[in-house]
Amino acid sequence: MLSGIMTQYSILIIDDEANQRLMLEQALRSFDADWLITTAANGSEALQLASSQPPDLIITDYNMPGMNGLDVIAQVRD
């Protein structure tokens, strides 16, 4: 926090395995409950979320059906 300004950082977690998404989300919330954490089960869902709210950080699984994690990151950057 600088000069009384509070920034809420956003994190997008992408993983096709629900238990992995939940575990990572809970671990991150234990560090800072004020982070805005969203999750996606696949690349297309992630792209939809990122288009409406660009995340500050993306944590993604690499091997997912349809679109791998690097493809998702490349499309978000574009």
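About the thresholds
- Each chain has its residues counted from 1, running along the sequence as written.
- Reporting in this predicted model follows two pLDDT cut-offs: at least 70 for local features of residues, and 80 or more for side-chain atom pairs to be given and counted; totals over whole chains, interfaces and linings ignore these cut-offs and use all residues.
- As a rule here, side-chain values cover all heavy atoms of the structure and leave hydrogens and water aside.
- For every element, the axis is a line fit to its C-alpha atoms; helices are fit only across the contacting stretch, and the angle between N-to-C directions ranges from 0 to 180 degrees.
- Helix and strand labels come from DSSP, where a helix needs a run of H or I of at least four residues and a strand needs a run of E of at least two; each type is numbered from the N terminus.
- Under this scheme an angle from 65 to 115 degrees is roughly perpendicular, one under 35 degrees roughly parallel, and one over 145 degrees roughly antiparallel; angles in between are oblique.
- In this scheme the crossing of two helices becomes right-handed for a clockwise turn of the near helix relative to the far one and left-handed for an anticlockwise turn of less than a right angle.
- Should any heavy atoms of two residues lie within 4.5 Å, those residues are considered in contact.
- Just so you know the grouping, Ala, Val, Leu, Ile, Met, Phe, Trp, Tyr, Cys and Pro go in nonpolar, Asp, Glu, Lys and Arg go in charged, and all remaining residues, Gly too, go in polar.
- Any carboxyl oxygen of Asp or Glu that lies within 4 Å of a side-chain nitrogen of Lys or Arg is treated as forming a salt bridge with it.
- Only strands joined by at least two bridges in the DSSP assignment are considered to pair.

Visitor: Would you mind showing me how to read the packing of helix α2 (residues 43-52) against helix α3 (residues 69-77) here?
Guide: Packed helices, taken two at a time, are described by the angle between their axes plus the distance between the axes. At their nearest, the axes of α2 and α3 sit 10 Å apart, and the two run at 25° to each other. Overall, the two elements α2 and α3 adopt an arrangement that is roughly parallel. Pair α2 / α3 crosses with right-handed handedness. Judged by residue contacts, G43, A46, L47 and A50 of α2 engage V72, Q75 and V76 from α3. Considered class by class, the residues forming the contact of α2 with α3 number five nonpolar, two polar and no charged.

Visitor: Could you clarify how one ought to interpret the pattern of salt bridges in this entry?
Guide: Once their charged atoms are close, side chains differing in charge can pair, the charge on each being opposite to the other. For the structure on display, the rule yields one salt bridge. A salt bridge links E25 to R29, with the shortest nitrogen-to-oxygen separation between them at 2.9 Å. On the criterion of helical spacing, the pair formed by E25 and R29 is a turn pair, its members being four residues apart in helix α1 (residues 18-31).

Visitor: How do you make sense of the sheet that holds strand β1 (residues 10-14) when you look at a structure like this?
Guide: For sheets, the rule is that strands pair by backbone hydrogen bonds, running either parallel or antiparallel. The three strands lie next to each other as β2-β1-β3, forming an open sheet whose pairing is parallel. Every interior strand has two partners, whereas the edge strands, β2 (36-40) and β3 (57-60), have only one. Going from strand to strand, the sheet's axes swing by 20° on average, the running direction of each strand aside. By the bridge criterion, five bridges tie β1 to β2 in an arrangement that is parallel. The residue bridging I11 from the neighbouring strand is I37, located in β2. Along the sheet face, α1 touches β1, β2 and β3 and points at about 175° away from the line of β2.

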